[in-house]
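# Per-entry structural report
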Amino acid sequence: MDDKELFEKINNIEIRQGKERTIKSYVLRNNIISPKAENILKKYMGDYGFFFEDSSLDYQKLFNNSNPVVIEIGFGMGDTTAEVAIRRPEFNYIGIEVFLHGFVNLLNELGERHIENVRIIRFNAVDVLEHMIPDGSVEGFHIFFPDPWQKKRHHKRRLMNPSFLNLLARKVRTGGYIYMVTDWEEYAEEVLELSASEPMLMNPFGGFAPPVTWRPITKFEQKGMESEHPINEIWLERIGNI
Ligand SMILES: C[S@@+](CC[C@H](N)C(=O)[O-])C[C@H]1O[C@@H](n2cnc3c(N)ncnc32)[C@H](O)[C@@H]1O
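In what follows, the accompanying structure is described. (Residues numbered from 1 in each chain as written. Predicted model: local features only at pLDDT ≥ 70, side-chain atom pairs only at ≥ 80, totals over all residues.)

## A closer look at the nonpolar core
Ranked by size, the top nonpolar core spans 54 residues in total, and within it Ile71, Ile96, Leu107 and Phe141 carry the most contacts. For this core, the element with the highest residue contribution is helix H5 (residues 100-113), accounting for six residues. When sequence neighbours within four positions are dropped, the list of residues in contact with Leu107 reads Ile40, Leu41, Tyr44, Met45, Tyr48, Gly49 and Ile120. (Core = buried A, V, L, I, M, F, W, Y, C linked by C-beta atoms within 7 Å. Buried ≥ 20, exposed ≤ 12 C-beta atoms within 10 Å, placed from the backbone. Helix = DSSP H or I, 4+ residues; strand = E, 2+ residues; numbered from the N terminus. Contact = placed C-beta atoms within 7 Å.)

Laid out in structure tokens, this is it:
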């Protein structure tokens, strides 16, 4: 692939575009690839990145091993992704993010620190899950500090809605997990309530979960805590045949 094609593919981040575009959980601000970002993409995309394709991912080929796969959605700058991958090396991680600067930042981090159990894609997570991730194939999902879309008229943009929760539940293996953390209390309560109506999921804690030991505190979380927002953790598990 030549450089022009590489950069065009990086900036193609969703299936439905223009008038066909559905309501999205993100708004794209800056899509200009700086010379520094170009160099990082050229250097590391081949080893740590992959592109959208309308076919099931072959995890063994992607990671060169058969470790269980955890998917993080909306990794932001990717600091948590890198740290969790180092702290829990027995898993492979797929990071999905549309924010260009964050994507390039994590790509660089993975390459410079040789973090071999992470692969990342810049594309709408809904499309990636629907088209590339086989049902029942995922060990767990991480969704840390999803955009709260605070205004009532924006709630329809929230990533964690009933159909997305159902999509996640379908993709997780029996016994696998969905782990969400947010500093937006009303959103956290809404997701707890939604999860109670999803028959494929159970909440082993009955309410909010205690924090895990392996998740580092992020800048987002720090800001939330400084504003005295409680940090709520939600841990759901996929139940067997229903
Ligand atoms: C508030 S940020 C949190 C970032 C990070 N998880 C953290 O804790 O610092 C939410 C991120 O989710 C990403 N995002 C939202 N909807 C997405 C989607 N449908 N597909 C991929 N990324 C998405 C946004 O681009 C944004 O970077």
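## A look at the environment of Asn203
As for its position among the elements, Asn203 is in the loop between strand S6 (201-202) and helix H9 (219-226). Considered as a pair, Asn203 and Met180 are 23 residues apart in the sequence and their alpha carbons are 12 Å apart. Setting aside residues up to four positions removed in sequence, Asn203 forms contacts with Ser195 and Leu236.

## Examining unusual backbone geometry
For Asn64, which is not a glycine, the phi torsion comes out positive at approximately 60°. For Asn64, the position within the fold is in the loop between helix H3 (59-63) and strand S1 (69-73). Taking the number of C-beta atoms within 10 Å as the measure of exposure, Asn64 has 10 and is therefore exposed. In this structure, Phe145 takes a positive phi of about 55° despite not being glycine. Residue classification places Phe145 among the buried residues on the basis of 21 C-beta atoms within 10 Å.

## Considering the packing of helix H2 (residues 35-48) against H5
Contact geometry for H2 and H5: axes closest at 9 Å, N-to-C directions at 60°. Taken as axis vectors, H2 and H5 run oblique relative to one another. For H2 against H5, the interelement crossing comes out left-handed. Taking contact as the criterion, the partners of Ala37, Ile40, Leu41, Lys43, Tyr44, Met45, Asp47 and Tyr48 in H2 are, on H5, Val104, Leu107, Asn108, Leu110 and Gly111. Its residues assigned to classes, the contact of H2 with H5 shows nine nonpolar, two polar and two charged. (Axes fitted to C-alpha atoms, helices over the stretch in contact; angles between N-to-C directions. Parallel < 35°, antiparallel > 145°, perpendicular 65-115°, else oblique. Left-handed = near helix turned anticlockwise from the far one by under 90°. Nonpolar A, V, L, I, M, F, W, Y, C, P; charged D, E, K, R; others polar.)

## Digging into H5
The end-to-end C-alpha separation of H5 is 20 Å, in line with the 20 Å expected for 14 residues at 1.5 Å each. Of all the positions in H5, only Leu100, Gly102, Phe103, Val104, Asn105, Leu106, Leu107, Glu109 and Leu110 are classed as buried. Of the surrounding secondary structure, the elements contacted by the buried residues of H5 are H2, helix H4 (79-87), strand S2 (92-96) and strand S3 (118-121). (Expected span 1.5 Å × (residues − 1).)

## Quick notes on the sheet that holds S1
Ordered in space as S3-S2-S1-S4-S5-S7-S6, the seven strands form an open sheet in which the pairing is mixed. Taken across any chain shown, the strands that pair with only one partner, and hence form the sheet edges, are S3 and S6. One ladder, built from four bridges, connects S2 with S3; its direction is parallel. Following the sheet pairing, Tyr93 is matched in S3 by Val118. Against the sheet, helix H8 (residues 185-196) engages strand S5 (172-182), S6 and strand S7 (232-238), with an angle of about 15° to S7. (Pairing = 2+ DSSP bridges.)

## Some points on the pairing of S1
Across the five residues that make up S1, a large majority, five, are buried. What you see with S1 is no split at all: Val69, Ile71 and Ile73 on one side and Val70 and Glu72 on the other are buried throughout. Taken together, the five bridges between S1 and S2 define a ladder with parallel strand orientation. Bridging from a neighbouring strand, Glu72 pairs with Gly95 of S2. For the crossover that starts at S1, traverses H4 and ends in the parallel S2, the hand is right-handed. In the sheet, S1 pairs with strand S4 (residues 138-144) via three bridges, with the strands oriented parallel. Each bridged residue has a counterpart across the sheet, and for Glu72 the counterpart in S4 is His142. (Right-handed = clockwise from strand over helix to strand, strands pointing away.)

## Some remarks on the packing of helix H1 (residues 3-10) against H2
H2 packs onto H1 with a crossing angle of 100° between their chain directions and a minimal axis gap of 11 Å. With respect to each other, H1 and H2 are oriented roughly perpendicular. Note on element contacts: H2 touches H1 through Glu38, Leu41, Lys42 and Met45, opposite Asp3, Leu6, Phe7 and Ile10. Across the contact of H1 with H2, the residue classes tally to five nonpolar, no polar and three charged.

Function cannot be inferred from these measures alone, as they are strictly geometric.
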